[in-house]
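Architecture and fold: a report
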Amino acid sequence: MTGNTTTIITKINKACDDLDFVSARVLIETNLMKLSEAKYYRLLNASGRVLIKHVLADSKNQGEAKSKLTRADLLIINKINEYCSNFDISMLKRTLKNSFELVQRSDVLPLLNNDAKIILDDMGALLGAHQLQ
């Protein structure tokens with residue numbers, strides 16, 4: 001982990017502990033892509049995790065123009081389902097590396113099979129954007 005990311009995570013955790021959520025949200029919004037990665041997301045404290053989930057959900061509601069899934073997106077989702085059913089984690093990670101935003105979309109969750117939902121949630125790839133039941 002780079003020193004810069006460590007500093008940012010420390011500042012976010014401290015701001016959340018001090019109940020300074022405005023500063024924490026600004027830091028999260030400026031470093032959203034980096035903090036969305038599972039290895040950095042897990043280093044945030046509970047308040048920081050809730051805040052990043054809120055920021056992600058808020059940005060999806062504003063930025064998502066309800067665009068339809070393309071054929072390529074559907075093929076990626078089918079591959080994710082296949083890799084999860086076969087428990088091929090290495091290929092799943094390679095696929096998620098290039099299609100992380102696709103998995104975060106709200107209209108993708110019904111297309112994932114139960115294996116994919118469980119594995120992606122355990123990996124931290126869903127980031128709480130979807131509530132599994």
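Use the structure listed above.
Residues numbered from 1 in each chain as written. Predicted model: local features only at pLDDT ≥ 70, side-chain atom pairs only at ≥ 80, totals over all residues. Heavy atoms only, no water.

What about the packing of helix 6 (residues 71–85) against helix 7 (residues 89–98)?
Test applied: Axes, fitted as lines to C-alpha atoms, cover a helix only where it is in contact. Angles between the N-to-C directions of the axes lie from 0 to 180 degrees. Only runs of H or I of at least four residues qualify as helices and only runs of E of at least two qualify as strands under DSSP, and these elements are numbered from the N terminus. Geometric relationships in this document are graded by angle, where less than 35 degrees denotes roughly parallel, more than 145 denotes roughly antiparallel, 65 to 115 denotes roughly perpendicular, and other angles denote oblique. It is the rotation of the near helix from the far one that decides the hand of a crossing: anticlockwise by less than a right angle makes it left-handed, clockwise makes it right-handed. By definition in these notes, contact holds between two residues if any of their heavy atoms fall within 4.5 Å. Think of it as three bins: nonpolar holds Ala, Val, Leu, Ile, Met, Phe, Trp, Tyr, Cys and Pro, charged holds Asp, Glu, Lys and Arg, and polar takes everything else, Gly as well.
Two elements in contact, helix 6 and helix 7, have axes whose closest approach is 9 Å; the angle formed by their N-to-C orientations is 155°. The angle between helix 6 and helix 7 places the two elements in the roughly antiparallel class. Relative to helix 7, the crossing made by helix 6 is left-handed. The residues of helix 7 that touch helix 6, namely those facing I76, I80, Y83 and C84, are M91, L92, T95 and L96. When grouped by side-chain class, the residues that make up the contact of helix 6 with helix 7 number 7 nonpolar, 1 polar and no charged.

Let's talk about the packing of aromatic side chains
Inclusion rule: Here a pair means two rings of Phe, Tyr or Trp (six-membered ring of Trp) with centres within 6.5 Å. Their orientation is stacked below 30 degrees between planes, edge-to-face above 60, and tilted elsewhere. Working rule: Lys NZ or Arg CZ, within 6 Å of ring centre, within 35 degrees of ring normal, means a charge sits over the ring.
This model, assessed by the stated rule, comprises 0 aromatic pairs. Here the basic side chain of R49 rests over the ring of Y41, its NZ or CZ set 5.7 Å away from the ring centre.

Observations regarding the packing of helix 7 against helix 9 (residues 114–123)
With their axes 13 Å apart at the nearest point, helix 7 and helix 9 run at an angle of 70° to one another. Judged on the interaxial angle alone, helix 9 and helix 7 are roughly perpendicular. Taken together, the residues of helix 9 that come into contact with helix 7 (itself represented by I89, L92, K93 and L96) are I119, L120 and M123. Residues that form the contact of helix 7 with helix 9 fall into these classes: 6 nonpolar, no polar and 1 charged.

Comments concerning the pattern of salt bridges
Applicable threshold: Just to be clear on terms, a salt bridge is a Lys or Arg side-chain nitrogen sitting within 4 Å of an Asp or Glu carboxyl oxygen. Note on exposure labels: buried denotes an accessible area under 20% of the residue type's maximum, exposed denotes more than 50%, and partly exposed covers the range between, all computed with a 1.4 Å probe on protein chains only.
According to the stated counting rule, one finds 4 salt bridges in the structure shown. We note a salt bridge from E82 to K79, for which the minimum N-O separation is 3.5 Å. Within this pair, E82 and its partner K79 are both found in helix 6, separated by 3 residues, close to a single helical turn. E82 sits in the partly exposed class, given a relative accessible area of 38%. Take K79: its relative accessible area is 38%, and that puts it in the partly exposed class. In this structure, the salt-bridge partner of D107 is R105, at a minimum N-O distance of 2.9 Å. Overall, R105 belongs to the buried group, its relative accessible area being 13%.

Quick look at the side chain of N81
Definition in use: N or O atoms within 3.5 Å of each other form a polar contact, as long as, within protein, one can give a hydrogen and the other can take it, and as long as residues adjacent in sequence are counted only when both atoms are side-chain atoms.
Relative to the assigned elements, N81 resides in helix 6. Taking relative accessible area as the criterion, N81 reaches 11% and is therefore assigned buried. Reaching out from N81, the side chain makes a polar contact with the backbone oxygen of L111 at a distance of 3.0 Å. Sequence-distant contacts of N81, defined by excluding residues within four places in its chain, comprise L111, L112, N113 and A116.

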